[in-house]
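A closer look at the structure
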Amino acid sequence: MRRRDFLTTTAAAAAATGATTLLGGCGSGSGGDSGPLDYLSLAWQKESIEVNKALVAEWNKANPRSAQVRYVQGSWDNVHDQLLTSFEGGAAPDVIHDEANDLTDFAHGGYLADLRGLLPASLKKQIPDASWDMASFAGGVYGVPFLQEPRVLIANRELLEKSGARTPTAQHPWSWAEFEDVARELTRGRTYGVAWSMKEPVNQSVNLALTTGGAVFHREGGKNVIRFDRADSHVVELIHRQVHKDRTAARSALGMAGSDTLPGFFAGRYAIVPLNFSFRQQVEQQAPDGFEWVTLPMPAGSGAPGGGQLQGVSPQTLSISQDTKRKKTAMAFIAFMTRPRHMARLAEGDWLVPTGRDALREPALNTAEHGWSTGLRIASDLRASPVLGVRGYPEWKDKVATPALQEYYGGSISLSALRDKLVEDGNRILARYQR
Amino acid sequence: MNRTRGALARTGQYLALVCYLVFLAFPLFWLLSTALKSPQELGSVDPSWLPRHPSLDSFSAAFEQQPLARSALNSLIVAGCAAAVSVAVAVPAAYAMVRYRSPVSKAATGWILVSQMFPFVLVIIPLFMVLKGFHLINSLTGLVLVYVVWNLPFALWMLQGYVRAVPASLEEAAAIDGCGRFRTLVSVVFPLLTPGLVATVMFSFVTAWNEFFFALVLLKSPEKQTMSVILTHFIGAEGAADLGPLAAAAVMATLPSLLFFALLQRRLVSGIMSGAVKG
Amino acid sequence: MSTTAPATAKPPHRGTPPPRSPAARKQALGLDRDAWFLLLPALLPILLLSAGPLLYGVSLAFTDAQSGRTEVTKFIGADNLVDLRFDSLFWSSFKIGLVWAVCVTALQFVLALGLAVLLNQNLRFRWLARTLALVPWAMPEVVIGIMWRLVYHQDAGILNATLSDLHLISENVDWLAGVSLALPAVIVVGVWAGMPQTTVMLLAGLQNVPHELHEAAAIDGAGVWRRFTKVTWPALKPVVLSITALNFIWNFNSFGLVYVLTGGGPGGATRLPMLFAYEEAFRYGQFGYAAAMGLVMVAVIAVLLTIFLRNRLKGDDR
């Protein structure tokens with residue numbers, strides 16, 4: 001593979017830069033052994049940026065000049081494009097903060113370093129196997145999963161208490177059937193029981209299939225195939241039922257992104273909003289004075305593994321660029337960033353759940369306030385999203401699944417039509433990537 | 001009767017203009033109002049045009065979180081240089097392309113259109129590699145160069161339109177008066193092009209000021225990044241945005257261009273008068 | 001404003017090259033030394049930084065180039081184009097793209113022409129009006145997208161709030177998520193965002209219309225409309241052609257705004273072809289296939305543009 005890499009790169013470079021070779025062809029890669037390592041961070045919340053910068057400063061103070069790290073701010077909005085361009089152009093950052101889902105193609109393309117030989121034992125032990133699964137594909141480990149984000153229910157406490165429904169806990173969540181009943185109880189006048197924000201319907205639909213023992217993406221004979229059977233489609237059907245039959249879910253929310261549902265939630269128009277864990281920060285910041293809210297676990301399926309509480313996640317990761325010459329230093333920096341104390345601070349800053357065993361026990365996170373304890377309790381139920389490591393998933397998502405699910409939730413196609421599209425069109429796409 | 005008709009027409013004109021301005025400028029107002037609102041008010045279902053409890057918190061947060069001033073300076077340098085160089089290079093070329101019938105002019109014209117048509121995503125990677133070959137990654141000079149090339153097709157194409165509108169007879173007259181080629185260009189043609197030149201400068205400046213993708217992939221050091229890149233740092237995963245500070249930063253990013261417009265728009269007035277009388 | 005007028009002004013025409021000195025100059029490709037001197041500063045950077053990368057991009061269309069360095073790129077002839085013929089998703093997005101580009105360009109032009117004519121009048125506070133009219137232009141694209149999403153927001157959007165205050169709607173409208181409304185809604189944003197540059201170009205063009213011709217026509221008793229068609233329009237036409245052609249290309253190629261607004265949804269109703277090509281290249285890493293899409297789009301636009309420009313040019317000669 002090494003030699004082939006070299007050949008391809010040379011061929012591509014020769015073809016690409018006819019102009020360069022003509023003019024200034026002598027220029028080779030910049031960076032190399034000198035200068036600081038670039039750490040591309042996607043920290044977004046104010047607190048998290050501060051923690052990141054503080055940790056980088058601490059690292060730089062404790063380490064010699066040859067191991068200095070430069071903090072480079074990136075953005076979730078465009079990280080994929082930025083990375084692809086700089087990988088292809090041969091000038092990528094050395095340490096890369098990204099999301100496991102986004103690593104698949106980069107790992108297959110040979111741009112990320114396999115971390116197996118580099119990981120210190122302590123770090124390996126710190127993070128449970130279920131989390132390492134999330135960054136393992138193509139026979140290697142391509143990132144250190146350090147933060148993860150389950151989906152939770154954020155509910156209007158006043159409406160919930162008025163309805164008389166049982167308040168679920170991480171040990172004893174609602175069943176999906178119970179959830180449907182509660183939604184019915186909560187739907188009164190202008191208030192809908194729940195608002196499913198489905199601007200991006202695919203990840204949620206697939207990840208929640210785990211609660212009912214489904215996966216949508218299955219391994220068969222060493223290949224990825226898509227199935228959409230009862231267990232896979234249970235939650236999807238339930239959402240459809242809530243919107244169109246029970247009318248306990250707001251139809252208009254289907255076109256919204258998560259944060260779009262918040263104004264309606266604060267105004268009492270939606271009693272429950274299923275959102276990612278970090279949205280608590282926005283809720284906390286924007287909620288009108290006196291508004292009370294609670295964080296609840298997602299409903300559980302019956303008769304499914306893990307008590308029906310498993311859900312798929314795609315964790316945030318730290319990876320190393322294959323082109324970096326100082327991989328050991330980069331790994332040492334990653335290990336520093338993911339020490340239990342530091343991981344907990346990063347998690348707190350971004351309102352996320354850490355993956356590390358000790359980080360989960362940090363006192364700063366173990367508070368009932370803002371639903372932190374709910375998130376930490378369900379950490380053990382989080383599994384690798386079935387879509388991780390599946391080549392062709394992005395194409396399936398954009399071309400097939402997003403429009404099909406939007407049409408199904410919107411009521412313009414039937415379940416069997418949805419199944420046909422997802423499975424048949426989908427497997428055709430996956431087949432192209434697995435020749 | 002004629003007078004009342006005139007007055008009526010005037011009123012109609014003002015009315016139409018106000019409608020246009022409301023449509024075009026209300027978002028600036030909306031942006032300002034968003035920047036002055038508290039997070040609670042932004043999460044309200046009952047939006048109001050004016051903030052109920054205006055505060056400058058979002059502005060201070062924006063300046064605290066990201067190096068806005070530094071990035072504004074970078075943007076200004078890059079956009080200013082890009083505009084100046086594009087126009088300086090484009091004006092003579094556009095003139096030559098119009099006044100000479102030659103295969104080169106034709107090929108250039110064709111090129112202009114094709115280069116604007118081809119998906120830029122496919123050009124970015126090879127361009128990136130060329131710039132890397134010249135060691136122009138992570139440098140403002142490299143970015144200026146990219147913007148100049150990016151603006152040139154447009155500048156050439158538009159300026160050709162303006163050159164064509166300049167009566168060639170004026171040049172002939174000047175030549176008969178004994179002006180040399182370049183004298184004629186500088187003292188007769190260019191003044192006539194002033195409105196078109198100003199329009200092109202404005203265009204090049206704003207395109208460079210707002211451009212985002214090249215700046216994102218070419219500039220790595222935080223202290224070199226331009227304003228449009230900094231703006232996206234207020235946007236999180238799944239399109240969630242820190243609205244208050246984002247709006248505040250966006251206001252800061254919008255104002256310099258507007259100020260630039262306000263100064264330049266006077267120059268949009270015809271050069272025919274000044275040029276022809278002097279010439 | 002201008003009352004003096006050049007004595008020689010007449011409707012512009014493509015000029016002959018300025019007279020040359022009697023000594024025959026050396027010519028290369030129909031250009032003498034002066035002309036090369038004028039052209040080269042623009043041509044050099046274009047050849048280097050635009051033509052090179054672009055030709056490389058075009059050549060990808062005939063290969064199976066993918067992102068990553070583990071696969072060897074092979075020449076595959078016209079296979080990508082053949083595949084593309086049967087890609088019904090691409091062609092339906094192509095249709096959406098044409099509707100989008102034609103609507104946005106046409107509306108932009110009509111509205112901008114009206115505005116340019118108004119701004120060319122000697123009105124009070126003209127400087128303020130001119131500056132305010134350029135607001136959309138001064139805003140970065142990401143901001144425009146996010147801001148209009150706030151305007152269109154179903155529960156907390158200012159548009160729904162204002163419309164229901166005026167009793168024009170009884171229930172909040174779902175602007176960006178309804179299959180029938182999404183495309184018109186993004187077209188409005190497209191027109192809004194592109195109006196200023198069109199206006200400025202046309203305004204600059206209007207300045208080149210010789211004033212005394214207007215006055216002469218007015219004295220002859222020509223009405224406003226006649227003066228516009230007989231005097232203004234002919235002088236404005238080169239600029240109109242240029243800006244309309246460019247606008248069409250840009251609009252067909254733009255997707256950033258729509259990407260922020262709807263991401264191509266709902267159900268693919270706003271999936272512009274360039275968004276399609278962008279995703280093919282940058283999301284799925286299929287550089288070769290995306291380049292083939294680009295090539296097809298260039299070909300189609302080129303044909304449309306030739307028809308558009310040729311008809312106009314013929315009209316010019318008459």
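No experiment lies behind these values; they were computed from the predicted model shown.

Once that is clear, we can look at the sheet that holds strand 14 (residues 316-320) of chain A. Residue and element names in this part refer to chain A. Strand order in the open sheet made by the six strands is 2-1-3-14-6-15, with mixed pairing throughout. Edge positions in the sheet fall to strand 2 (69-73) and strand 15 (353-354), since each has one partner strand and no second. Here strand 1 (residues 37-41) pairs with strand 3 (residues 95-99) via two bridges, running parallel. Bridging across to strand 3, Y39 finds its partner in V95.

How big an interface is tends to be expressed through the accessible area that disappears when the partners come together. All names here are of chain A. As far as domains go, chain A holds domain 1 (32-149 + 315-384) and domain 2 (151-312 + 392-433). Look at where the C-alpha atoms of domain 1 and domain 2 centre, and you get two points 28 Å apart. At the level of secondary structure, the elements contributing two or more residues to the side of domain 1 that touches domain 2 comprise helix 16 (372-377) and strand 16 (382-384). Looking at the side of domain 1 that touches domain 2, its residues break down into six nonpolar, five polar and five charged.

All names here are of chain B. As annotated by UniProt and renumbered to match this structure, "transmembrane region" (unreviewed entry) occupies residues 12-32, 76-98, 110-131, 143-163, 184-209 and 246-264. As a span, residues 12-32 carries 100% helix and 0% strand, and end to end its C-alpha atoms are 30 Å apart. Taken end to end, residues 246-264 is 100% helix and 0% strand, and its two terminal C-alpha atoms sit 28 Å from one another.

At the interface, 26 residues of chain C touch 38 residues of chain A. Residue composition of the side of chain C that touches chain A, by class: 10 nonpolar, 11 polar and five charged.

Phi is positive for H135 of chain B, which is not a glycine, with a value near 55°. On the basis of neighbour counts, which here come to 14 C-beta atoms within 10 Å, the residue H135 of chain B falls in the partly exposed class. Positioned with a positive phi, F125 of chain C is a non-glycine residue whose angle comes to about 55°. Looking at the secondary structure, you find F125 of chain C in the loop between helix 3 (88-119) and helix 4 (126-132).

Our focus in this paragraph is helix 4 (residues 79-89) of chain A. With eight of its 11 residues buried, helix 4 of chain A lies for the most part within the structure. Buried residues of helix 4 of chain A: Q82, L83, L84, T85, S86, F87, E88 and G89 of chain A, and no others. Its buried side turned inward, helix 4 of chain A meets strand 3 and helix 5 (100-108) of chain A, helix 6 (120-133) and helix 10 (213-218) of chain B together with helix 12 (273-283) of chain C. Immediately beyond the C-terminal end of helix 4 of chain A, within one or two residues, lies G90 of chain A, with a positive phi of roughly 75°.

Residue and element names in this part refer to chain A. Both strand 9 (residues 217-220) and strand 10 (residues 223-226) contribute to a ladder of four bridges, which runs antiparallel. Within the sheet, the bridge partner assigned to E220 lies in strand 10 and is K223. Where strand 9 hands over to strand 10, the hairpin turn is made up of two residues, of which G221 adopts a positive phi near 55°.

So, on to the packing of helix 4 (residues 68-99) of chain B against helix 12 (residues 243-264) of chain B. All names here are of chain B. Between helix 4 and helix 12, the shortest axis-to-axis distance is 11 Å and the interhelical angle comes to 30°. Between helix 4 and helix 12, the interaxial angle falls into the category roughly parallel. Crossing handedness for the pair helix 4 and helix 12: right-handed. Taking contact as the criterion, the partners of L68, A72 and L76 in helix 4 are, on helix 12, A249, M252 and P256. Considering only residue class, the contact of helix 4 with helix 12 consists of six nonpolar, no polar and no charged.

Turning to the interface of chain B and chain C, a few remarks are in order. Listed by partner, the interface residues are 96 residues for chain B and 92 residues for chain C. A total of 14 residues in the side of chain B that touches chain C trace back to one element, the largest contributor, which is helix 7 (residues 140-165) of chain B. For the side of chain B that touches chain C, the class distribution of residues is 72 nonpolar, 17 polar and seven charged.

Bringing the sheet that holds strand 7 (residues 151-156) of chain A into the picture now. All names here are of chain A. The four strands lie next to each other as 8-11-7-12, forming an open sheet whose pairing is mixed. The open sheet has two edge strands with one neighbour each: strand 8 (192-194) and strand 12 (293-297). Each neighbouring strand pair of the sheet contributes to a mean axis angle of 25°, computed without reference to strand direction. In terms of strand pairing, strand 8 meets strand 11 (residues 270-276) through two bridges, oriented parallel. Across the sheet, residue Y192 finds its bridge partner in strand 11, namely Y270. Most of the contacts of helix 13 (residues 279-286) go to strand 7, to which it runs at about 20°, and overall it touches strand 7, strand 11 and strand 12.

About the criteria used
Residues numbered from 1 in each chain as written. Chains lettered and ligands numbered in written order. Predicted model: local features only at pLDDT ≥ 70, side-chain atom pairs only at ≥ 80, totals over all residues. Pairing = 2+ DSSP bridges. Helix = DSSP H or I, 4+ residues; strand = E, 2+ residues; numbered from the N terminus. Domains from an automatic or database assignment. Nonpolar A, V, L, I, M, F, W, Y, C, P; charged D, E, K, R; others polar. UniProt positions renumbered as here; feature names shortened; annotations may be inferred. Contact = placed C-beta atoms within 7 Å. Buried ≥ 20, exposed ≤ 12 C-beta atoms within 10 Å, placed from the backbone. Axes fitted to C-alpha atoms, helices over the stretch in contact; angles between N-to-C directions. Parallel < 35°, antiparallel > 145°, perpendicular 65-115°, else oblique. Left-handed = near helix turned anticlockwise from the far one by under 90°.

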